[in-house]
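Observations on the model geometry
What follows is each chain in one-letter form.
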2 protein chains.
Amino acid sequence: MTIPDPATRSSSGYSAWRLITEELRGEISDSRLRPGDRLPTERSIAERYGVNRHTARQAIAALAEDGLIESRRGSGTFITGESVLVHRIGLRTRMVRSLGDEESARSSGRVLDSAIEAAPEEVARRLGLTDGEVVRIESTRSAGDQPISVGTHWFAADRLPDIADSLRRTGSITAALRAHGIDDYLRASTVVGARHATATEAELLAIRPGAIVLVAEALDTLPDGTPLQYLVTRFAAQRVRLDIEPPHAD
Amino acid sequence: MTIPDPATRSSSGYSAWRLITEELRGEISDSRLRPGDRLPTERSIAERYGVNRHTARQAIAALAEDGLIESRRGSGTFITGESVLVHRIGLRTRMVRSLGDEESARSSGRVLDSAIEAAPEEVARRLGLTDGEVVRIESTRSAGDQPISVGTHWFAADRLPDIADSLRRTGSITAALRAHGIDDYLRASTVVGARHATATEAELLAIRPGAIVLVAEALDTLPDGTPLQYLVTRFAAQRVRLDIEPPHAD
DNA sequence: TGTGATTTGTTCGTATGTATA
DNA sequence: TTATACATACGAACAAATCAC
């Protein structure tokens, strides 16, 4: 491929860097460039297409945001070959299950931070609180050494004032709730969206700032329907798919 | 906010443009900048933070990719105030339902293209075909004048050879299947991911190239479990949330 | 071990094109 | 027509991380 003149390009509606992006994307999906392979250097790509290094960089950046490649300063840019985890969203399933296999056993959660504070409006509405305080917990979950998700959990503070400590001890919501006499809870609703990661999220998830996160906003209730936990979980989209458990046919 | 010296920044790990991005993002989510408002010009942002216009542009570009803002050449950059549609994924619900409301009535599908061809491996596996041909249909769905999703549908060609024509006539999968004597079908599985849009998808969905699409990969079956339709739907993430119908408690 | 070369990351400067007001 | 504002692209410089010798 050669980059056309600016005059030709302007009529076609494609800029040089977009053409280069598509070209490189093709080489990756055709497996001409395979996971672990090193991409040519910015300079050589720039020379190959007869453009400035900035232009080549912009093309490369677009691929990096898709998680197709990963740049390492001083070293080079490499084709990523990350395995995809499938996280099941269901009535009772809260596990991370690997497509490949036995990784699930090594899935582990960790509490980053917790606080008791006034309930934000949205949270109060979801938890059915007219007014009052909530326990907010920030957590992460990893499978093996790969971070999978970061989550923010809210519980009514009057019902479960020290849920954070239990969670810190057990490393699992289910176990922490059991310690408070709650043996079962159900997923009442889940809404999924996607956006770019914030700087903090990117750091916690070990992805590039600007990479995509899947955002799942969910409400867990007791079997009788009482709201228990409102949570917002952000998954690294390049590593995770959400598997929606089908509703049971009546 | 002031951008610290490069020396100070290098220890903090944040570049100037990232700091500006976060700052602007905060102003938008705090509603200090509201939908329809105009962002300060690149030049004034650059001056405000004492950086080069390129640096300001890089910060602004990150917000544009999130769909938070929209740049119009010659005019300015504006805060987008797109309404969010909630698309319900459930056992039988296939409608697009607006948060606001009455938009749902104006939801309409359109067939872009169809062909009968050999089943790709993945599709054959999902549809339970050992070998054979499939009908592939490319479609779009809009609510009002806003494109919501583009979808690729696959049906076994021996079962429903002219499903494409029926779909073209009726504009609805449900109606098209009814015309072929199929009165009911169920969602058997859904897997959701997210990635950046391709150039084609961006054009069809009226989003910026590089904006995010939610990708839902699903299998519909007859009530007896026979695979009926395998489909991959791409939603404009900046306009759509997927609402997962909770499984019924036994 | 250390030193220089390589490679990516960030920033500034400048120029030109294109769309809009 | 003119001015404004965003889009793309080139050139230069330096920083930071890594690698090869």
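Because the structure is predicted, anything quoted here is derived from the model rather than measured.

Counting its secondary structure elements, chain A contains eight helices and 12 strands. Burial statistics for chain A: of 250 residues in total, 48% are counted as buried.

Taken together, 27 residues lie around DNA strand C, and A:Arg53, B:Ala16, B:Asn52, B:His54 and B:Thr55 are the ones closest in. Close to the protein, within 4 Å, the atoms of DNA strand C are drawn from sugar and phosphate at a rate of 62%. One of the backbone nitrogen or oxygen atoms of A:Glu42 is found 3.0 Å away from a phosphate oxygen of DNA strand C. B:His54 is positioned such that a nitrogen or oxygen atom in its side chain is 2.6 Å from a base oxygen of DNA strand C. When residues of the surface near DNA strand C are traced back to their parent elements, those giving at least two are α4 (53-65), β2 (69-72) and β3 (76-79) of chain A together with α2 (16-29) and α4 (53-65) of chain B. Taken together, the residues of the surface near DNA strand C sort by class into three nonpolar, 15 polar and nine charged.

Turning to the nonpolar core, a few remarks are in order. Counting 28 residues, the largest nonpolar core has A:Val192, A:Leu214, A:Leu242, B:Val192 and B:Leu214 as its most contacted members. Those elements that place two or more of their residues in this core are β4 (85-89), β9 (186-196), β10 (212-221) and β12 (240-244) of chain A together with β4 (85-89), β9 (186-196), β10 (212-221) and β12 (240-244) of chain B. With 19 residues, the next largest nonpolar core counts A:Leu129, A:Val134, A:Ala156 and A:Tyr230 among its residues.

Next up on the list: the sheet that holds strand β1 (residues 38-39) of chain B. All names here are of chain B. If you trace the three strands from one edge of the open sheet to the other, you get β1-β3-β2, paired in antiparallel fashion. Of all the strands in the sheet, the pair left with one neighbour each is β1 and β2 (69-72). In terms of strand pairing, β1 meets strand β3 (residues 76-79) through two bridges, oriented antiparallel. Directly across from Arg-38, in β3, lies its bridge partner Phe-78.

Around DNA strand D lies a shell of 27 residues, among which A:Ala16, A:Asn52, A:His54, A:Thr55 and B:His54 are the nearest. Backbone sugar and phosphate groups make up 67% of those atoms of DNA strand D lying within 4 Å of the protein. One of the side-chain nitrogen or oxygen atoms of B:Arg73 is found 3.2 Å away from a sugar or linking oxygen of DNA strand D. Between B:Thr77 and DNA strand D, the recorded distance is 3.5 Å, taken from a side-chain N or O atom to a phosphate oxygen. Of all the elements in the fold, those that place two or more residues in the surface near DNA strand D are α2 (16-29) and α4 of chain A together with α4, β2 and β3 of chain B. Of the residues belonging to the surface near DNA strand D, the class tally is three nonpolar, 15 polar and nine charged.

Each pocket or cavity is described by its volume, and for the second largest pocket that value is around 1,600 Å³. As for the second largest pocket, its lining consists of 41 residues, of which A:Arg195, A:Val215, A:Glu217, B:Val84 and B:Arg241 are closest to the centre. Looking at the lining of the second largest pocket, the elements with two or more residues in it are α5 (121-127), β8 (146-156), β9, β10 and β11 (227-236) of chain A together with α2, β5 (96-98) and β12 of chain B. For the lining of the second largest pocket, the leading source of residues is β9(A), giving four residues. The class makeup of the residues in the lining of the second largest pocket is 17 nonpolar, 11 polar and 13 charged.

When the UniProt feature table is mapped onto this chain, "domain: HTH gntR-type" (unreviewed entry) is found at residues 14-82 of chain A. Secondary structure over residues 14-82 of chain A splits into 51% helix and 14% strand, and the C-alpha atoms at its two ends are 30 Å apart.

One pass over the structure, following the stated rule, counts 30 salt bridges over all chains. A salt bridge links A:Glu122 to A:Arg125, with the shortest nitrogen-to-oxygen separation between them at 2.9 Å. Within this pair, A:Glu122 and its partner A:Arg125 are both found in helix α5, separated by three residues, close to a single helical turn. Given the relative accessible area of 31%, A:Glu122 is considered partly exposed. Given the relative accessible area of 54%, A:Arg125 is considered exposed. B:Glu138 is the salt-bridge partner of B:Arg136, the closest N and O atoms lying 2.7 Å from each other. Looking at B:Arg136, the relative accessible area reads 16%, which means it is buried. In this structure B:Glu138 comes out as buried when scored by relative accessible area, which is 18%. A cluster of three or more residues bridged by salt bridges with shared partners is formed by A:Glu122, A:Arg125, A:Arg126 and A:Glu217.

Okay, the sheet that holds β2(A) next. Residues and elements named next belong to chain A. Taken together, three strands build an open sheet; the order of strands is β1-β3-β2 and the sheet is antiparallel. Bordering the open sheet on either side are β1 (38-39) and β2, each of which pairs with just one other strand. Pairing analysis gives four bridges linking β2 to β3, with the strands arranged antiparallel. Looking at the pairing, Arg-72 lines up with Gly-76 of β3. Relative to the sheet, α4 contacts β1, β2 and β3, its axis offset from that of β2 by approximately 120 degrees.

Scoring rules and cut-offs
- Counting restarts for each chain: residues are numbered from 1 in the order of the written sequence.
- The naming scheme follows written order: chains are lettered A onward, ligands numbered 1 onward.
- Note on the predicted model: pLDDT of at least 70 is required for a residue's local features to be given, and 80 or more for side-chain atom pairs to be given and counted; whole-chain, interface and lining totals, by contrast, use all residues.
- As a rule here, side-chain values come from all non-hydrogen atoms in the structure, and water together with hydrogens is ignored.
- Labels follow the DSSP assignment, with helices taken as runs of H or I lasting at least four residues and strands as runs of E lasting at least two, numbered in each case from the N terminus.
- The cut-offs for exposure are 20% and 50% of the maximum accessible area for each residue type, with area from a 1.4 Å probe on protein chains only; residues under the lower value are buried, those over the upper are exposed, and the others partly exposed.
- To be near a molecule or strand, a residue needs just one of its heavy atoms within 4 Å of it.
- Any N or O atom pair separated by 3.5 Å or less is treated as a polar contact, with the protein-specific requirement of one donor-capable and one acceptor-capable atom, and with residues adjacent in sequence counted only for side-chain atom pairs.
- Note on residue classes: Ala, Val, Leu, Ile, Met, Phe, Trp, Tyr, Cys and Pro are nonpolar, Asp, Glu, Lys and Arg are charged, and everything else, Gly too, is polar.
- Throughout, nonpolar core names a set of buried Ala, Val, Leu, Ile, Met, Phe, Trp, Tyr and Cys residues whose side chains join them through atoms within 4.5 Å.
- A strand pair is defined by DSSP finding two or more bridges across the two strands.
- With a 1 Å grid laid over protein atoms only, a set of points is called a cavity when a 1.4 Å probe fits there but cannot get out and a pocket when it is open yet has protein on both sides within 12 Å along at least five of seven lines; lining residues have an atom within 4 Å of a point.
- Grid points are joined across faces, edges and corners, and a volume is the space filled by probe spheres set on the points.
- UniProt positions are given in the numbering used here, feature names are shortened, and annotations may be inferred rather than shown by experiment.
- A carboxyl oxygen of Asp or Glu within 4 Å of a side-chain nitrogen of Lys or Arg is what we treat as a salt bridge.
- When checking whether two residues touch, look at their non-hydrogen atoms; a contact exists if any pair is within 4.5 Å.
- Interaxial angle, 0 to 180 degrees, is taken between N-to-C directions of lines fitted to C-alpha atoms, where a helix line uses only the stretch in contact.

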